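# An overview of the molecular structure
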Amino acid sequence: MKIVTYNVNGIKARLPRLIEYLTEEAPDIVCLQELKSSDETFPEAEIRDAGYGALWHGQKGFNGVAVLAKGVDPVERQRGLAGEDEDAHSRYLEAEVNGLVVASIYLPNGNPQPGPKFDYKLRWIDRLRARAADLLVGERPVVLAGDYNVIPNDDDVFSVRAMASDALMQPESRAGYRALLAQGWTDALRTRFPKGGVWTFWDYQAGSWQRDAGFRIDHLLLSPTAADRLIDAGVDKAHRGRERASDHAPTWVRLR
């Protein structure tokens, strides 16, 4: 079973690339982020024509998450996180597919920091951690897949100096991510590439793709039951280099 996290950076703009990816790679489950689409304008018909059922939690113009499943309709478990009733951002969608629980996560960027956006990011990590703890209680195979907007380690970025002041690399952001792992989650890509140096994102600016000046912010965290089934993990990097591609590459884990 191949489970993918893919920040598409606008599903309508990237729809040809997404359908291309589904057709060529045929992943079993795809967690999408940054749809930038309302619920009403989500391209359900095109995705179903490609052979995938879908759940989505949209928001016009920004944010938005979805779960796609090959040949079946994902069963919704939860949308949004508890803890801030006034939070209207579409950033969390949890579903069940063939006995596997998956969540599509789009964690806040947090820039500029310090400031209210960074404070919101840290509160959101705390709320995610509370939900993650609840999921572990069930001892189910669970994958928390998404764009976490956290660079966990210095070897997860092309240049520590270039990103030193960014919210993605602040000690508080990293501490929140480490606290999540400490619950018992396995970072699939880090397990596969323990020395780092694997990127999932390349900015559109300053020739970042051409210079391979990227970093790792797309993560798939596995519950202990899911980690026992881990076969491989990686990044479908070539898809980032295609015309009008997202600035993220599809990132994946394969489970038995």
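An account of the accompanying structure is given in this report.

Examined against the element boundaries, Ser90 turns out to sit in the loop between strand S5 (75–79) and strand S6 (92–97). Relative accessible area serves as the criterion here: at 2%, Ser90 is assigned to the buried category. Looking at Ser90, its side chain comes within polar contact range of the main-chain oxygen of Gly58, at 2.9 Å. In this view, Ser90 contacts His57, Gly58, Gln59, Asn63, Gly64 and Val65; residues no more than four positions away in its chain are not counted.

Below, the discussion takes up the nonpolar core. Core analysis: the largest hydrophobic core is formed by 28 residues, its most contacted members being Ile3, Val102, Val143, Val253 and Leu255. Look past the residues within four positions of Val102 in its chain and what remains in contact with it is Ile29, Cys31, Val67, Leu93, Glu94, Ala95 and Val143.

This part is about the packing of aromatic side chains. In the structure shown here, the tally under the stated rule is five aromatic pairs. Judged by centre distance (5.8 Å) and plane angle (90 degrees), the rings of Tyr148 and Tyr177 are edge-to-face. In this pair, Tyr148 sits in the loop between strand S8 (142–147) and helix H4 (160–163) while Tyr177 sits in helix H5 (residues 171–182), placing the two residues 29 residues apart along the sequence. For Tyr148, a relative accessible area of 1% gives the class buried. Since its relative accessible area comes to 3%, Tyr177 is described here as buried. For Arg91, the ring lying beneath its charged end belongs to Tyr106, and the centroid distance is 4.9 Å. Between Arg192 and the ring centre of Phe193, over which it is positioned, the NZ or CZ distance is 4.6 Å.

With an omega dihedral of -5 degrees, the bond running from Asn111 to Pro112 counts as a cis peptide bond. Mapped onto the secondary structure, Pro112 falls in the loop between strand S7 (100–106) and helix H3 (116–137). Backbone torsion omega between Gln113 and Pro114 reads -5 degrees, so that peptide bond is classified as cis. Topologically, Pro114 is positioned in the loop between S7 and H3.

What follows concerns the pairing of strand S10 (residues 218–222). For S10, the tally of buried residues reaches five of five residues, placing the bulk of the element in the interior. Of the strand pairs in this sheet, strand S9 (residues 186–187) and S10 are connected by two bridges, and their pairing is antiparallel. Among the inter-strand pairings, Asp187 is bridged to a residue of S10, identified as Leu221.

Cut-off values and rules
Residues numbered from 1 in each chain as written. Predicted model: local features only at pLDDT ≥ 70, side-chain atom pairs only at ≥ 80, totals over all residues. Heavy atoms only, no water. Helix = DSSP H or I, 4+ residues; strand = E, 2+ residues; numbered from the N terminus. Buried < 20%, exposed > 50% of the residue type's maximum accessible area, 1.4 Å probe, protein only. Polar contact = N/O pair within 3.5 Å; in protein donor to acceptor, adjacent residues only side chain to side chain. Contact = heavy atoms within 4.5 Å. Core = buried A, V, L, I, M, F, W, Y, C linked by side-chain atoms within 4.5 Å. Phe/Tyr/Trp six-rings, centres within 6.5 Å; stacked < 30°, edge-to-face > 60°. Lys NZ or Arg CZ within 6 Å of the ring centre and 35° of its normal. Pairing = 2+ DSSP bridges.

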